[in-house]
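Each chain, letter by letter, is given below.
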Amino acid sequence: MKGTSKTKQELIAEISALNKKIHTLEQASSDQKKGRKRTEPERSGPEGHYHALFQHSKDAMLLTRPDGAILDANPAACEMFGRSLKEIQSIGRNGLADVSDPRLAAALDERARNAVVRAEITMLRASGDKFPAEITSALFVDAEGRQKTSMIIRDMTEKHKAEQDYQMLFREMLDGFALHEVLCNAEGQPADYRFLAVNPAFERMTGLQADEIVGRTVLDVLPGTERRWIETYGCVALTGEPIFFENYSQVLDKYFAVRAFQPAPSQFACIFVDITDHKRAEEALRESENKYRRITDNIADVVWIADANLKITYVSRSIEKMVGEPRERYLQRAIEEKFPPDALKQIYNALAEEYEKEKDPGADKARTRLIEVEHYRADGTTLWIAMNISIVRDGNGGITGFQGISRDITERRQAREEIKRRDSRYQQLIEHAEDGIFTITSQGRFILANAKFCQMLGCTPEKCLSLNIMDTYPADLHPAGAKRLADLRCGEALRFERPLKRLDGRIVFVEATTWKDIDGNLQAIVRDITDRMLTEEKLRHSLASLRKAINTTIQVMVSAVEVRDPYTAGHQIRTADLARTIATEMDLPPETIDGIRMAGTIHDIGKLSIPSEILSKPTKLLPVEFSLIKEHARRGFEMLEHVESPWPLAEIVHQHHERMDGSGYPRNLQGEDILIEARILAVADVVESMASHRPYRPALGVGPALEEISKNRGILYDAAVVDACLRLFTEKGFQFK
């Protein structure tokens with residue numbers, strides 16, 4: 001189906017609007033560099049709006065220079081490429097785009113010429129995966145007169161997949177399908193309709209080719225179309241009422257069962273089921289030669305009869321569509337004017353072989369011969385046809401001529417050649433791939449291996465083809481490897497990491513993706529990840545050391561708090577234990593649970609900055625004293641801000657008194673703006689505080705604490721966290737240690 005695209009003027013207008021936004025952001029950046037201070041109203045004006053648009057846009061946006069250097073990238077771009085802003089800036093455009101894609105250079109050239117471009121190119125994620133993307137880019141001059149470029153990027157992966165799935169369904173469905181647009185006259189009445197799309201089944205059923213009718217009206221393609229059909233289909237398109245009927249098309253001489261419906265305003269779609277054979281069978285007793293003539297004159301294939309000298313005496317009217325000239329003129333032309341010399345030679349040789357077979361008394365008299373040859377069109381160009389030739393005999397069995405059916409197979413021949421070219425390209429891609437690629441039989445014998453895989457094994461391609469896949473497994477993995485391959489089902493892809501034994505005995509590690517094809521062979525793509533695994537191992541050791549250092553630091557902090565205020569120290573430990581248990585109940589990742597426990601242990605570290613006489617005051621705090629207490633969240637953040645940690649400890653401590661409705665402190669954060677770790681810590685903090693003794697009041701108990709969080713579930717406290725906490729106390733018997 002043909003899509004619509006924006007005009008160049010529309011594209012320029014769209015890019016111009018984006019450039020105005022980029023100009024505003026550039027001006028803001030320039031003003032800040034010059035020391036100009038913005039007032040709050042200025043930040044909330046257009047500049048703030050465009051900055052928010054840039055930061056929160058779902059589309060990836062880049063601010064670049066024409067040479068490919070990246071000045072800024074919004075969060076959507078970082079998420080799309082799986083990289084941080086700093087990484088994106090360091091690798092530049094050539095690190096994000098597949099430079100081997102020729103469309104990239106073409107797009108850059110067009111942008112240099114026209115200042116704007118919209119194109120589709122291949123981009124690269126941090127993982128190395130390629131994906132199709134639609135880019136919209138423009139050149140502009142910033143507030144300081146420097147030339148820069150803007151770029152909007154959209155991931156087209158899902159769109160391509162959906163289009164491929166739709167196109168496959170559209171091509172492979174057995175019923176004919178046609179989409180039309182109704183054209184109305186000045187009075188708003190249906191006057192004609194235009195073909196928008198037809199599928200291959202429609203072409204086969206009708207003999208009408210998509211490239212000849214799409215975009216044209218029915219009265220242009222089929223002038224004999226009756227007015228009642230235009231009105232009938234127009235009613236469907238304008239009212240939305242579907243119809244079903246059986247119809248005989250006089251123009252096509254076919255019977256169809258037709259279902260028509262409205263897919264969009266002013267459009268109607270038809271699904272055709274060819275019931276011609278059924279209808280013809282009903283008329284078989286009433287028609288003989290006339291029926292034969294009508295069929296041969298209206299089918300897409302060409303039916304012909306020739307005498308013994310290959311002079312064509314009859315040809316079906318479908319020849320007119322095939323060669324582009326009237327049937328009467330075609331019959332007048334000599335055979336040398338119909339076929340190129342090489343095609344004539346092939347026809348004569350085939351007929352000579354058939355004459356030779358006639359000498360055999362046992363030869364099948366009803367045999368046919370199929371050949372593919374070129375045929376001239378009326379304009380001198382050629383097309384490929386498949387000719388099914390059989391001998392015509394008289395009553396005594398003597399040869400009087402030939403008859404046959406010819407079919408236009410030009411597209412099929414072109415497709416066959418394209419498949420050959422594509423296979424050649426695929427072979428080159430396999431041979432030059434950076435990953436190892438191989439195919440093995442169901443018994444594990446190699447039947448294909450590219451150069452990269454042979455390099456991984458440390459052998460020649462010839463040697464590789466003499467091996468079995470089990471030769472590449474260390475001895476202790478033989479049973480597991482054999483079972484994994486045996487259990488793989490056709491069409492199922494299996495991805496795993498395993499050691500690979502080289503021929504020299506050395507072990508390397510690979511990441512493999514394996515699947516079984518329809519022939520039962522196993523195909524695989526493997527990548528050497530030995531260096532990555534060594535790096536990960538070093539990273540694990542580094543993280544272990546870092547955690548040990550953090551644990552030591554936190555213990556020192558806890559000890560400092562305990563010396564100054566035993567109540568606070570005990571509260572932190574009990575709160576941390578409850579928060580960790582809630583996180584476990586919510587099935588959060590182990591890394592997150594560890595971070596919550598660490599943050600809980602020191603969440604009140606900021607109270608070190610509060611006078612001890614206020615912390616231990618046995619009476620109700622004065623407003624000014626309470627305001628000092630509330631400062632502990634911010635002070636804790638400042639103490640932890642520069643502590644190196646794999647978890648956001650400082651931010652969790654900063655947010656543990658925030659509330660879902662924004663009534664918390666110190667920043668009045670709301671809902672999802674609050675870290676899940678802080679939401680868990682907030683519930684644990686409230687429950688432990690109410691359940692425990694304080695200098696200024698006795699313990700209220702666990703019951704009132706659970707009543708507090710239940711009453712404010714979804715208001716002050718995260719609903720899922722509250723539910724998990726309640727389950728711990730009411731169903732699983734949690735108790736403070």
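Residues numbered from 1 in each chain as written. Predicted model: local features only at pLDDT ≥ 70, side-chain atom pairs only at ≥ 80, totals over all residues. Heavy atoms only, no water.

K.L.:
Explain the overall build of the chain to me, please; I cannot follow it from the model alone.
P.N.:
Tallying secondary structure elements over the chain gives 30 helices and 20 strands in all. Residue burial in the chain is summarised as follows: out of 737 residues, 42% are buried. Put simply, 49% of the contacts in the chain that link residues at least 6 apart link residues at least 24 apart. Here the chain displays about 40,300 Å² of accessible surface, and carbon together with sulfur accounts for 54% of that area. (Helix = DSSP H or I, 4+ residues; strand = E, 2+ residues; numbered from the N terminus. Buried < 20%, exposed > 50% of the residue type's maximum accessible area, 1.4 Å probe, protein only. Contact = heavy atoms within 4.5 Å. Areas by Shrake-Rupley, 256 points an atom, 1.4 Å probe, with all protein chains shown as cover.)

K.L.:
Explain the packing of aromatic side chains here, please?
P.N.:
Any pair of aromatic rings gets described here by the distance separating the centres and the angle formed by the planes. For the structure shown, the criterion picks out 19 aromatic pairs. Ring pairing ties together the aromatic residues Tyr-193, Phe-195, Phe-202, Trp-229, Tyr-233, Phe-245, Phe-256, Phe-268 and Phe-272, which thus form one cluster. Its guanidinium or amino end placed over the ring of Trp-384, Arg-413 lies 3.5 Å from that ring's centre, counting from NZ or CZ. Between Arg-498 and the ring centre of Tyr-473, over which it is positioned, the NZ or CZ distance is 3.8 Å. (Phe/Tyr/Trp six-rings, centres within 6.5 Å; stacked < 30°, edge-to-face > 60°. Lys NZ or Arg CZ within 6 Å of the ring centre and 35° of its normal.)

K.L.:
What exactly am I supposed to notice about the sheet that holds strand β1 (residues 60-64) here?
P.N.:
Strands pair in a sheet through their backbones, by hydrogen bonds, and they do so in one of two ways: parallel or antiparallel. Pairing is antiparallel across the open sheet formed by 5 strands, whose spatial order is β2-β1-β5-β4-β3. The open sheet terminates on both sides in strands that have one partner only, identified here as β2 (70-73) and β3 (116-124). Strand-to-strand twist in this sheet, taken as the mean axis angle between neighbours without regard to direction, amounts to 25°. One ladder, built from 9 bridges, connects β3 with strand β4 (residues 130-141); its direction is antiparallel. (Pairing = 2+ DSSP bridges. Axes fitted to C-alpha atoms, helices over the stretch in contact; angles between N-to-C directions.)

K.L.:
Just checking my understanding: could you explain the nonpolar core for this structure?
P.N.:
Most often, soluble globular proteins keep nonpolar side chains buried together rather than apart. If you look at the biggest cluster of nonpolar residues, it comprises 32 residues, and the most contacted ones within it are Leu-578, Ile-582, Ile-680, Val-683, Val-687, Ile-709 and Cys-725. Elements represented by at least two residues in this core include exactly α22 (566-585), α23 (590-601), α27 (649-655), α28 (676-691), α29 (702-711) and α30 (719-730). Not counting residues within four places of it along the chain, the set of residues in contact with Leu-578 comprises Ala-684, Val-687, Leu-728, Phe-729, Phe-734 and Phe-736. (Core = buried A, V, L, I, M, F, W, Y, C linked by side-chain atoms within 4.5 Å.)

K.L.:
Before we go on, may I ask you to explain the pattern of salt bridges in this structure?
P.N.:
If the charged atoms of two oppositely charged side chains come close together, the side chains can form a pair. For the coordinates displayed, the defined rule picks out 45 salt bridges. Note that Glu-585 and Lys-732 form a salt bridge whose closest N and O atoms lie 2.7 Å from each other. Here Glu-585, found in helix α22, pairs with Lys-732, found in the segment after α30; they are 147 residues apart in sequence, far enough to count as distant. Where Arg-679 meets Asp-718, a salt bridge forms, and the shortest distance between an N and an O atom there is 2.7 Å. Here Arg-679, found in helix α28, pairs with Asp-718, found in the loop between α29 and α30; they are 39 residues apart in sequence, far enough to count as distant. Under the relative-accessibility criterion, Asp-718 is labelled buried at 10%. A single network of salt bridges, built from pairs that share partners, joins Glu-353, Glu-354, Lys-357, Glu-358, Lys-365, Arg-367, Arg-369 and Arg-393. (Salt bridge = Lys/Arg side-chain N within 4 Å of Asp/Glu carboxyl O.)

K.L.:
Help me understand the confidence of the model for the chain in this model?
P.N.:
Low-confidence regions, as indicated by low pLDDT, have predicted coordinates that should not be scrutinised in detail. Of the residues in the chain, 83% reach a pLDDT of 70 or more, and the chain-wide mean stands at 83. Element-level pLDDT for the chain is lowest in helix α2 (residues 40-43), with a mean of 41, against a maximum mean of 95 in α30. With pLDDT under 50 throughout, residues 1-6 is counted as low confidence; its partners more than four residues away or in other chains account for 8 contacts. Counted against residues more than four places away or in other chains, residues 32-44, with its pLDDT under 50, gives 11 contacts. (pLDDT = per-residue confidence, 0-100.)

K.L.:
Even after reading the chapter, I still don't get α23, so can you show me in this structure?
P.N.:
Because an α-helix packs 3.6 residues into every turn, residues spaced three or four apart end up facing the same way. In this model α23 runs 17 Å from its N-terminal to its C-terminal C-alpha over 12 residues, within 8% of the 16 Å that 1.5 Å per residue would give. Among all positions in α23, only Thr-592, Ile-593, Gly-595, Ile-596, Met-598, Ala-599, Gly-600 and Thr-601 are buried. (Expected span 1.5 Å × (residues − 1).)

K.L.:
Please clarify how empty space enclosed by the protein should be interpreted in this entry.
P.N.:
Unoccupied space between atoms shows up once a probe the size of one water molecule is rolled over them. On inspection of all chains with the given rule, the structure shows 6 cavities of 30 Å³ or more. Here the largest cavity defines a volume of roughly 170 Å³. Elements with a minimum of two residues in the lining of the largest cavity: β11 (302-307), β12 (312-315), α14 (318-323), α16 (341-357), β14 (382-393) and β15 (399-408). When its residues are assigned to classes, the lining of the largest cavity shows 17 nonpolar, 2 polar and no charged. Considering only enclosed or pocket space, the second largest cavity measures out at about 130 Å³ in volume. Residue lining of the second largest cavity: 17 residues in total, with Arg-93, Leu-104, Leu-108, Ile-121 and Met-151 positioned closest to the centre. Only β1, α5 (85-96), α6 (102-114), β3 and β4 provide two or more residues apiece to the lining of the second largest cavity. Grouping the amino acids of the lining of the second largest cavity by side-chain chemistry returns 12 nonpolar, 3 polar and 2 charged. (1 Å grid on protein atoms, 1.4 Å probe; cavity = no way out; pocket = protein on both sides within 12 Å on 5 of 7 lines; lining within 4 Å. Points joined across faces, edges and corners; volume = space filled by probe spheres on them. Nonpolar A, V, L, I, M, F, W, Y, C, P; charged D, E, K, R; others polar.)

K.L.:
For this particular structure, what's the right way to read the packing of α23 against α28?
P.N.:
How two helices pack is summed up by the angle between their axes together with the distance between the axes. Across the interface, α23 lies against α28 with an axial gap of 10 Å and an inter-helix angle of 50°. The orientation of α23 with respect to α28, classified from their angle, is oblique. The crossing of α23 and α28 is right-handed. Facing α23, whose interface residues are Thr-592, Ile-596, Ala-599 and Gly-600, α28 presents Glu-677, Ile-680 and Leu-681. Residues of the contact of α23 with α28, tallied by class, amount to 4 nonpolar, 2 polar and 1 charged. (Parallel < 35°, antiparallel > 145°, perpendicular 65-115°, else oblique. Left-handed = near helix turned anticlockwise from the far one by under 90°.)

K.L.:
Before we go on, may I ask you to explain unusual backbone geometry in this structure?
P.N.:
In most cases, non-glycine residues show a negative phi, while peptide bonds are predominantly trans. With omega at 10°, the peptide bond leading from Tyr-665 into Pro-666 counts as cis. With respect to the helices, strands and loops of the structure, Pro-666 is situated in the loop between α27 and α28. Residue Ser-266 is not a glycine yet carries a positive backbone phi of 65°. With respect to the helices and strands, Ser-266 occurs in the loop between β9 (254-261) and β10 (267-274). Phi is positive for Asp-587, close to 60°, though the residue is something other than glycine. Along the chain, the position of Asp-587 falls in the loop between α22 and α23.

K.L.:
Help me out: how do you make sense of the sheet that holds strand β17 (residues 446-449) in this one?
P.N.:
Sheet architecture is open: 5 strands sit in the order β17-β16-β20-β19-β18, paired in antiparallel fashion. Pairing within the sheet leaves two strands with one partner each, and these edge strands are β17 and β18 (493-501). Across the sheet, the mean angle separating the axes of adjacent strands is 25° when strand polarity is ignored.

K.L.:
Even after reading the chapter, I still don't get the side chain of Asp-685, so can you show me in this structure?
P.N.:
For Asp-685, the location among the structural elements is in helix α28. For Asp-685, which is buried and forms no salt bridge, the nearest opposite charge comes from Arg-659, at a distance of 5.7 Å. A distance of 3.5 Å separates polar atoms of two side chains, one belonging to Asp-685 and the other to His-603. With residues near it in sequence (within four places) discarded, Asp-685 still touches His-571, Thr-575, His-603, His-656 and His-657. (Lys, Arg positive; Asp, Glu negative; His and termini not counted. Polar contact = N/O pair within 3.5 Å; in protein donor to acceptor, adjacent residues only side chain to side chain.)

K.L.:
Quick question: what am I supposed to make of the pairing of β11 here?
P.N.:
Moving residue by residue along a regular strand, the side chains alternate between the two faces of the sheet. Sheet topology places β11 next to β15; 6 bridges connect them, and they run antiparallel. Pairing of Val-303 across the sheet is with Ile-405, part of β15. By the bridge criterion, 3 bridges tie β11 to β12 in an arrangement that is antiparallel. Along β12, the bridge assignment pairs Trp-304 with Val-315. Between β11 and β12, which pair antiparallel in sequence order, lie 4 residues; one of them, Leu-310, sits at a positive phi of approximately 65°.

K.L.:
Looking at this structure, I do not really get the packing of α28 against α30. What am I missing?
P.N.:
In contact at an axis separation of 10 Å, α28 and α30 are set at 45° when each is read in the N-to-C sense. Taken together, α28 and α30 sit at an angle that is classed as oblique. Judged by the sense of rotation from one axis to the other, the crossing of α28 with α30 is right-handed. Counted together, Ile-676, Arg-679, Ile-680, Val-683 and Val-687 of α28 and Val-721, Val-722, Cys-725 and Phe-729 of α30 form the full contact between these two elements. Its residues assigned to classes, the contact of α28 with α30 comprises 8 nonpolar, no polar and 1 charged.

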